[in-house]
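A structural walkthrough
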Amino acid sequence: MKYRFFCVAFLVLFSVACEKKPDAAKVQTAATTESHPDSEWKAHPLLSYEVVRELPHDSSAFTQGLLLSHGDWIESTGGYGASSIRRVAKTTGRVLMKKNLAANLFGEGVVELNGKLFQLTWMSQQGFIYDAKTLQQLGEFRYQGEGWGMTTDGKSLIMSDGSDRLRYLDPGTLRVTQEVVVRFNGKPVEMLNELEFVEGEIFANIWHADQIVRINPATGTVVGVIDLSGIDAKEKRRDPEHVLNGIAYDPVAQELFVTGKCWPKIYQIRLVPKTISR
Ligand SMILES: [Ca+2]
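Predicted model, so just to flag it, every value in this text is computed and none were measured. (Residues numbered from 1 in each chain as written. Predicted model: local features only at pLDDT ≥ 70, side-chain atom pairs only at ≥ 80, totals over all residues. Heavy atoms only, no water.)

**Brief notes about the layout of surface pockets**
As a volume, the largest pocket reaches approximately 430 Å³. Together, 25 residues line the largest pocket, and Leu68, Thr152, Glu196, Tyr249 and Pro251 are the ones closest to its centre. Only β2 (63-69), β6 (107-113), β10 (150-152), β16 (192-198) and β20 (244-250) provide two or more residues apiece to the lining of the largest pocket. Counted by class, the lining of the largest pocket contains 11 nonpolar, 7 polar and 7 charged residues. (1 Å grid on protein atoms, 1.4 Å probe; cavity = no way out; pocket = protein on both sides within 12 Å on 5 of 7 lines; lining within 4 Å. Points joined across faces, edges and corners; volume = space filled by probe spheres on them. Helix = DSSP H or I, 4+ residues; strand = E, 2+ residues; numbered from the N terminus. Nonpolar A, V, L, I, M, F, W, Y, C, P; charged D, E, K, R; others polar.)

**Focus: the coordination of the calcium ion**
Looking at the metal site, the calcium ion is ligated by Leu66 (O), Glu194 (OE), Glu194 (OE), Leu195 (O), Glu196 (OE) and Ile247 (O), spaced 2.4 to 2.8 Å from it. Spacing between the donor residues of the calcium ion along the chain follows L-x127-E-L-E-x50-I. Here isoleucine 247 lies in strand β20 and leucine 195 lies in strand β16, a separation of 52 residues in the sequence. We note that leucine 195, like isoleucine 247, is buried. (Donors = N, O, S within 2.8 Å, 3.2 Å for Na, K, Ca; no water. Buried < 20%, exposed > 50% of the residue type's maximum accessible area, 1.4 Å probe, protein only.)

**So, empty space enclosed by the protein**
Rolled over the atoms, a probe sized like a water molecule indicates the empty space that remains. Enumeration over the complete set of coordinates arrives at 1 cavity of 30 Å³ or more. Estimated volume of the largest cavity: approximately 50 Å³. If you trace the largest cavity, you find it lined by Pro56, His57, Asp58, Trp73, Glu75, Val88, Gly93 and Ile266. Tallied by class, the residues present in the lining of the largest cavity amount to 4 nonpolar, 2 polar and 2 charged.

**Let's talk about the pattern of salt bridges**
Under the defined criterion, the tally for this structure stands at 13 salt bridges. Aspartate 58 is the partner of arginine 86 in a salt bridge, and the nearest nitrogen-oxygen pair spans 2.9 Å. Taken together, the residues span a long stretch of sequence, with arginine 86 in strand β4 (residues 84-89) and aspartate 58 in the loop between β1 (46-56) and β2 at a distance of 28 residues. The exposure class assigned to aspartate 58 is partly exposed, which follows from its relative accessible area of 26%. For aspartate 161, the salt bridge identified is with arginine 165, shortest N-O distance 3.1 Å. Each of Asp161, Arg165, Arg167 and Glu179 takes part in salt bridges that share partners, so that together they form one network. (Salt bridge = Lys/Arg side-chain N within 4 Å of Asp/Glu carboxyl O.)

**Quick word on the sheet that holds strand β9 (residues 137-142)**
If you walk across this open sheet you meet the 4 strands as β6-β7-β8-β9, and the pairing is antiparallel. This sheet does not close on itself; its edge strands, each paired only once, are β6 and β9. Ignoring which end each strand starts from, the neighbouring axes of this sheet average 20° apart. Relative to strand β8 (residues 126-131), strand β7 (residues 116-121) runs antiparallel, the two sharing 4 bridges. The partner of lysine 116 across the bridge, within β8, is aspartate 131. (Pairing = 2+ DSSP bridges. Axes fitted to C-alpha atoms, helices over the stretch in contact; angles between N-to-C directions.)

**Digging into the sheet that holds strand β3 (residues 72-77)**
Pairing is antiparallel across the open sheet formed by 4 strands, whose spatial order is β2-β3-β4-β5. Each edge of the open sheet is held by one strand with a lone partner, namely β2 and β5 (95-100). Strand-to-strand, the axes of this sheet are offset by a mean angle of 15°, without reference to chain direction. Relative to β4, β3 runs antiparallel, the two being bridged by 6 bridges. Within β4, the position partnered with tryptophan 73 by the bridge is valine 88.

**Considering the pairing of strand β11 (residues 157-160)**
Residues in a regular strand point their side chains to alternate faces of the sheet. The alternating pattern of β11 places Leu157 and Met159 on one face and Ile158 and Ser160 on the opposite face, and all of these are buried. Note: β10 against β11, 3 bridges, orientation antiparallel. Considered in β11, the bridge of threonine 151 is made with isoleucine 158. Linking two consecutive strands that pair antiparallel, namely β10 and β11, is a turn of 4 residues; a positive phi of about 95° is found at glycine 154 within it. Where β11 lies against strand β12 (residues 165-169), 4 bridges are found, and the strand directions are antiparallel. Paired with serine 160 across the strands is leucine 166, a residue of β12.

**What to know about the environment of lysine 133**
As for its placement among the helices and strands, lysine 133 is situated in the loop between β8 and β9. Residue classification places lysine 133 among the exposed residues on the basis of a relative accessible area of 59%. Along the sequence, lysine 133 and serine 69 sit 64 residues apart, while their C-alpha atoms lie 8.8 Å from each other. The contacts of lysine 133, once residues within four sequence positions are left out, are Arg87 and Met97. (Contact = heavy atoms within 4.5 Å.)

These results come straight from atomic positions and should not be treated as a statement about function.
Here you go:
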């Protein structure tokens, strides 16, 4: 189903992009030779990428959640007996702090808000709250269904559960305050996984796809797709589950990073308009 979604999405978005920008060659040239304001990408429904730099990543870390916190990575890893929450040095990849989860828990998305980290687990309906600086556990919470990704708009916690919906949680009560169904061209988009709030939009990995969808947080409408094909060669992956799954954004520096489960690198990328050869 996900492949069908992307075929339809690409066709529709390309047709929209082509209507707006009939001279594809000029667009491609401009994307690679001119410097753009960093938010210029928002005008383009279909985006590709350029790698700005590569940073080391623990290739044993089954990445389920990634964010930047005071210049370090905060990462949640999955796997039974291998799940953790960790603070990692951004440029060296060195693990600075790490708390392991119990062997019966599978770590999932993580988000920071108001000095606290909130971490989901996959199927145990159990979430954890930590002090963001020390990783000391402050509490636990429960939720219904599965836990996949997390991010925040600065007010609510926003979580995915592998379906087509995003739940908004009050960070104090952990109760659901709002839900949005994510749709592209009126059709639901499922398998929403790792999340990141980027310049007023929600970026979401689609599980087992090399694409990220850009979502309007108020309506759930998909406003664009980022095609990350080729960023980490699939044929080099040791396991078919080692898929793209990790988005982090530094809103001050306006730097965007992506990685995947057990990938040896985190990539800083620049978003550029995508064109197709005909
Ligand atoms: Ca993230």
